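What follows is each chain in one-letter form.
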Amino acid sequence: MEVSVSPPSLRVRSAIPWVTVAARLGLAGVMIVAGWLKIETPALSVEAVRAYELLPESLATAVGYGLPILEIVIGVLLVVGLLTRISGIISALLMLAFVVGIASAWARGLRIDCGCFGTGGALEAWEEPDYLGTILRDIGLVILGVWIAWFPPGRFALDSALGLTPSRADGVEEENEEDEEKV
């Protein structure tokens, strides 16, 4: 029994670049806001990384100071659509690392704030961690990063303007011309 898969319709193919733009802007917004809130209070960022108890002290300090800068740079690259595939991969891997770290903290019974948006460290006795919600949110952000890496660069991207990535629109037009020739 053979299973045939028909190519996606023109409507679906023409929507992909727009979905990529939405994914780029959504993920970029999260990255820039998270980085900006952390960069304003670097000591809290370092404290948040230390709270996970996963890295040696010197590495936790370096990550705490460097992570906000990386998040902002990746966010800006996503907004302008420059190095889109690489930015998508890095952001997906970063979000995946956050998922693993949060799951690890949850599994080890740590009561910490994720530190995602400028806060961090141990929670007060009356505070409850939201590990599941944070993990689900970050999995959604992993999916956005994978989409961006799989379907770069989307519309309004410097990658296309600079000729760094073939435009998906050109591919759609070429396929349309082939379809018209067959008719």
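Above this text is the structure in question.
Residues numbered from 1 in each chain as written. Predicted model: local features only at pLDDT ≥ 70, side-chain atom pairs only at ≥ 80, totals over all residues. Heavy atoms only, no water.

1. Thoughts on the overall build of the protein
In step 1: Within the protein one finds seven helices and two strands.
In step 2: Counting from the amino terminus, helix and strand elements in the protein follow one another as α-α-α-α-β-β-α-α-α.
In step 3: With 183 residues in all, the protein has 38% of them scored as buried.
In step 4: Once local pairs closer than 6 in sequence are excluded, the contacts in the protein between residues at least 24 apart make up 72%. (Helix = DSSP H or I, 4+ residues; strand = E, 2+ residues; numbered from the N terminus. Buried < 20%, exposed > 50% of the residue type's maximum accessible area, 1.4 Å probe, protein only. Contact = heavy atoms within 4.5 Å.)

2. With respect to helix α2 (residues 42–51)
In step 1: Within the sequence span of α2, burial applies to Ser45, Val46, Ala48, Val49 and Ala51.
In step 2: Count one or two residues on from α2 and you reach glutamate 53, which has phi positive near 55°.

3. Notes on the packing of aromatic side chains
In step 1: For the coordinates displayed, the defined rule picks out three aromatic pairs.
In step 2: Residues tryptophan 18 and phenylalanine 156 carry aromatic rings whose centres are separated by 5.5 Å and whose planes lie at 65° to one another, so their mutual orientation is edge-to-face. Within this pair, whereas tryptophan 18 is found in helix α1 (residues 10–40), its partner phenylalanine 156 is found in the loop between α5 (131–150) and α6 (158–161), the two being separated by 138 residues in sequence.
In step 3: A residue is classified by how much of its surface remains accessible, and tryptophan 18, at 44% relative accessible area, is partly exposed. (Phe/Tyr/Trp six-rings, centres within 6.5 Å; stacked < 30°, edge-to-face > 60°.)

4. Considerations on the environment of serine 14
In step 1: Following the sequence through the fold, serine 14 ends up in helix α1.
In step 2: On the accessibility criterion, serine 14 (32% relative accessible area) is partly exposed.
In step 3: At 3.0 Å, the side chain of serine 14 forms a polar contact with the backbone oxygen of arginine 11. (Polar contact = N/O pair within 3.5 Å; in protein donor to acceptor, adjacent residues only side chain to side chain.)

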